[in-house]
Structure formats: C-alpha cells, structure tokens
Amino acid sequence: MNPYTLKNRYALVTGASSGIGREIARCLAKEGAHCVLNALPSETAVLDSWARELEARYHVKTWAVPVDLAADDGPQELYDNARKWIPHLDILVNNAGILTYGSFHSIPYAQHERLLRVNVRAYMMLMHRALADMIPRGQGRILNISSMAAFQATSYQAPYGASKAFVQSLSEAVNLELREKDIRICTLNPNVTDTPMINAYPRQLWLFTMIRLNSPAAIAQRGVAALKNGKSITIPGWDNWLLAHVAPRLLPRGWVNHVPYLLLKQGATRDTH
Ligand SMILES: NC(=O)c1ccc[n+]([C@@H]2O[C@H](COP(=O)([O-])OP(=O)(O)OC[C@H]3O[C@@H](n4cnc5c(N)ncnc54)[C@H](OP(=O)(O)O)[C@@H]3O)[C@@H](O)[C@H]2O)c1
C-alpha cells in the first residue's frame, strides 16, 4: 500500500494545546495538512496562538475549537463545530487524555468518572462519528493515542491503564473490520514522555530512575509515520516492544503486572498503609 499523503488533508487533533498532541499538530501541518485543534476552553488563548503560529510557519489553515470533552455533549459539539470549518474529515487524532495517580480508593470517584469520559467515551464517540463520514468517502486515518499502560494492569493508575486497554482493544478490533477499505485505525503506544501529564507523578517514583523520558516531538513523529503507513500498533523503543510483546508471553500475568506496581508504588504508600 502507498503511504497516505498528508498534503491538503483535513485533520482534527484533540488535546493539541500541549505535549504529544501539540507536536502531532506540528508534524501534520508541516506536511501540509489543515488542522482543527482542540483543548479545554480554559486554554483558548494557548490554542489560538498555536493555531496562528502553525498557519504562519507552514502555510496551512488551522482552526481552534476549545471544547471540554468530558461534558455530556462535548465530543458531539467538537465534531459538529469542526465540520463547520472543514468540508470533510480525513484524519482524526484522538489524543486528549488525563491521568490520575494514587491508590484507587483514595481518589474521589468524580475524578475516575472524568478520566473515563475523556480517555474512553470521547475516543469512542469521535471515532464513531468520524467513521460515519469516512466510510462513504472510502478513505481516512484515525490515530488513537494509547500507551504502554494498555498491555498490563497498572496499579496506582488503575483506571488510566484500564482506559488505555479499552482503546487498544477497540482500535485493533475495528481496524480489522475495515481491512478491505482504505481506512486505518492506528494506535501509538508511548512509554513515559516528558509532558505536563507526568506532573501527576511524585518525583520519588522508581519510574523516574528506571525509565528514560521520551521527548514529545520524537513520539509525535512516530505517530504521524504510523498514520502515513497505516501501521496498526506503534511502540517506540525496542525495550518497550519487548515488554509489550514478549514479557506477557514468557512470564505469568501476575509477574508482568508487578512491573508497573513496583515502578509506581513509592509515592502512594502514604495512602495505602
Ligand atoms: N506523557 C506520557 O508519559 C504519556 C505516555 C503514554 C501515553 N500518553 C498519552 O498521550 C496523550 C497526550 O498526553 P500528554 O502526555 O501529551 O499530556 P498533556 O501534555 O497533559 O496533554 C493533554 C492534552 O489533553 C487535553 N485535555 C485534557 N482534558 C481535556 C478535556 N476534558 N477536553 C479537552 N481536552 C482535554 C489537554 O488540554 P488542556 O491543555 O486544555 O488541559 C492537553 O491538550 C494522552 O492520551 C496520554 O494518555 C502520555
């Protein structure tokens, strides 16, 4: 299959105000894609200025559409508003995500619920809406930002890992359903990346001594390359690839689950004892 060209495509990127989403928007714009950028309404100024900068630098069209994806009608509102600006959608990047750190019982339930709405419900609703437009047009690409957390249980960020496992399974299953069409659902599965999201972790975690931080720009490049090649799963780093693909086949599931448990335990001990 020929690589999917990005020039003059219309893309929607959620969570484009910072971290990986911001860098994915840069990669898409650099290759000539026109981008609708989303983040929370509180980040409107940041989003507007990023949209203007991309337009000036790469000579593409951009639109900032701030919407809270956790709101009941958030994903629908974002999609409808995006479609007011663009004639059709070629590329959806489901990237907006939140992380809660701590023992499951110590985190207020409302925070778990919000995480589920952003990391799961919004991904699934936007994917469903986008496919309704892509299937009659016979082409399209969806990049779902998953995580290494998708491949095993992740204690002390239990709903986060579970949300990524949901996105992983959904993406792989639907991608297979669409194999006869020129539509691909790709996942990007980074390990810990240097973005504002990781401020949720206490710095004394073993995670920060055992794992090197990825740069969001390098991770975004891998994601956009996956989009172009229609690669179903992209795991940056050979060590992560081994952890995701080999460890679960060689070791008992309980042992594999102990890896994130040990890496994430330090900061949570006060809550759990
Ligand atoms: N950083 C890592 O170590 C890592 C590793 C693996 C996977 N990931 C995944 O990568 C994706 C991007 O995360 P990141 O690390 O780049 O984090 P980040 O810098 O914190 O960016 C998260 C983005 O999501 C947006 N967002 C959060 N809640 C939202 C809501 N309710 N409605 C609309 N937008 C919302 C944020 O917008 P505001 O700026 O308006 O808050 C921000 O643009 C996430 O799906 C994350 O799970 C991250």
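The structure displayed is predicted, hence computed values, not measured ones. (Residues numbered from 1 in each chain as written. Predicted model: local features only at pLDDT ≥ 70, side-chain atom pairs only at ≥ 80, totals over all residues. Heavy atoms only, no water.)

## Notes on a nonpolar patch on the surface
A surface patch of nonpolar side chains, amounting to about 330 Å² of accessible area, comprises Trp-206, Met-210 and Leu-262. With respect to the helices and strands, the residue Leu-262 is situated in helix H10 (residues 253–265). Leu-262 sits in the partly exposed class, given a relative accessible area of 38%. (Patch = residues over 30% accessible without salt bridge, like charges linked within 9 Å, V, L, I, M, F, W, Y side chains within 5 Å. Areas by Shrake-Rupley, 256 points an atom, 1.4 Å probe, with all protein chains shown as cover. Salt bridge = Lys/Arg side-chain N within 4 Å of Asp/Glu carboxyl O. Helix = DSSP H or I, 4+ residues; strand = E, 2+ residues; numbered from the N terminus. Buried < 20%, exposed > 50% of the residue type's maximum accessible area, 1.4 Å probe, protein only.)

## What about the site of the ligand?
Near the ligand there are 34 residues, and of these Ser-17, Ser-18, Asn-95, Tyr-160 and Thr-195 occur at the shortest range. Asn-95 places a main-chain nitrogen or oxygen 2.7 Å from an oxygen atom of the ligand. With the chains in place, 91% of the 890 Å² that the ligand exposes on its own is no longer accessible. More than half of the atoms belonging to the ligand lie within 2 Å of the grid points that define the largest pocket. Among the secondary structure elements, those contributing two or more residues to the shell around the ligand are helix H1 (19–30), helix H4 (109–137) and helix H5 (158–177). Its residues assigned to classes, the shell around the ligand shows 18 nonpolar, 12 polar and four charged. (Near = heavy atom within 4 Å. Polar contact = N/O pair within 3.5 Å; in protein donor to acceptor, adjacent residues only side chain to side chain. 1 Å grid on protein atoms, 1.4 Å probe; cavity = no way out; pocket = protein on both sides within 12 Å on 5 of 7 lines; lining within 4 Å. Sits in = over half its atoms within 2 Å of the grid points. Nonpolar A, V, L, I, M, F, W, Y, C, P; charged D, E, K, R; others polar.)

## Regarding the nonpolar core
Counting 33 residues, the largest nonpolar core has Ile-24, Leu-28, Leu-37, Ile-91, Val-93 and Leu-143 as the members making the most contacts within it. Looking at this core, the elements with two or more residues in it are strand E1 (10–13), H1, strand E2 (34–37), helix H2 (44–58), strand E4 (91–94), strand E5 (139–145), strand E6 (182–188) and helix H7 (216–229). Among the elements that make up this core, the one with the highest residue count is H1 (six residues). When near neighbours in sequence (up to four residues on either side) are disregarded, Leu-143 contacts Ile-24, Leu-92, Val-93, Asn-94, Cys-186, Thr-187, Leu-188, Gly-223 and Leu-227. (Core = buried A, V, L, I, M, F, W, Y, C linked by side-chain atoms within 4.5 Å. Contact = heavy atoms within 4.5 Å.)

## Structural notes on the state of the cysteines
Enumeration according to the criterion identifies zero disulfides in this entry. Left without a disulfide partner, Cys-27 is nearest to the cysteine sulfur of Cys-35, which lies 10 Å away. On the basis of relative accessibility, which here comes to 13%, the residue Cys-27 falls in the buried class. (Disulfide = S-S within 2.5 Å.)

## Considerations on the layout of surface pockets
In this structure, the largest pocket encloses a volume near 1000 Å³. In terms of lining residues, the largest pocket is bounded by 48 residues, among which Gly-97, Ile-98, Tyr-160, Thr-195 and Met-197 are the most central. Elements with a contribution of two residues or more to the lining of the largest pocket: H1, H4, H5 and H10. Among the elements that make up the lining of the largest pocket, the one with the highest residue count is H10 (four residues). Looking at the lining of the largest pocket residue by residue, the class counts come to 27 nonpolar, 17 polar and four charged. In this structure, the second largest pocket spans a volume of roughly 220 Å³. Lining the second largest pocket are Asn-191, Trp-206, Met-210, Ile-211, Arg-212, Asn-214, Asp-239, Asn-240, Leu-243, Val-259, Leu-262 and Leu-263. Elements that contribute at least two residues to the lining of the second largest pocket include exactly helix H8 (238–245) and H10. (Points joined across faces, edges and corners; volume = space filled by probe spheres on them.)

## A closer look at the packing of aromatic side chains
Considering all chains together, one arrives at three aromatic pairs under this definition. Relative to Phe-208, the ring of Tyr-201 lies with its centre 6.2 Å away and its plane at 70 degrees, an arrangement referred to as edge-to-face. The burial state of Tyr-201 is the same as that of Phe-208; both residues are buried. Connected via pairs of aromatic rings, a cluster forms that spans Tyr-101, Tyr-201 and Phe-208. Positioned above the aromatic ring of Tyr-4, the side-chain terminus of Arg-9 is 4.0 Å from the ring centre. Across from the ring centre of Phe-208, 4.2 Å away, lies the NZ or CZ of Arg-203, which sits over that ring. (Phe/Tyr/Trp six-rings, centres within 6.5 Å; stacked < 30°, edge-to-face > 60°. Lys NZ or Arg CZ within 6 Å of the ring centre and 35° of its normal.)

## What to know about the pairing of E4
Where burial is concerned, the two faces of E4 agree: the one with Ile-91 and Val-93 and the one with Leu-92 and Asn-94 are both buried. Where E1 meets E4, three bridges bridge the pair, whose relative direction is parallel. Of the residues in E4, the one forming a bridge with Ala-11 is Ile-91. For E4 and E5, the ladder comprises four bridges, and the chain directions are parallel. Within E5, the residue paired with Ile-91 across the bridge is Arg-141. In this fold, the crossover linking E4 to E5 by way of H4 has right-handed handedness. (Pairing = 2+ DSSP bridges. Right-handed = clockwise from strand over helix to strand, strands pointing away.)

## Some words on the sheet that holds strand E7 (residues 233–234)
If you trace the seven strands from one edge of the open sheet to the other, you get E3-E2-E1-E4-E5-E6-E7, paired in parallel fashion. Of all the strands in the sheet, the pair left with one neighbour each is strand E3 (62–64) and E7. The pairing of E5 with E6 spans seven bridges and is classified as parallel. Note that in E6 the partner of Ile-142 across the bridge is Ile-185. Contacts from H5 reach E5, E6 and E7 within the one sheet, and its direction differs from that of E6 by about 155 degrees. (Axes fitted to C-alpha atoms, helices over the stretch in contact; angles between N-to-C directions.)

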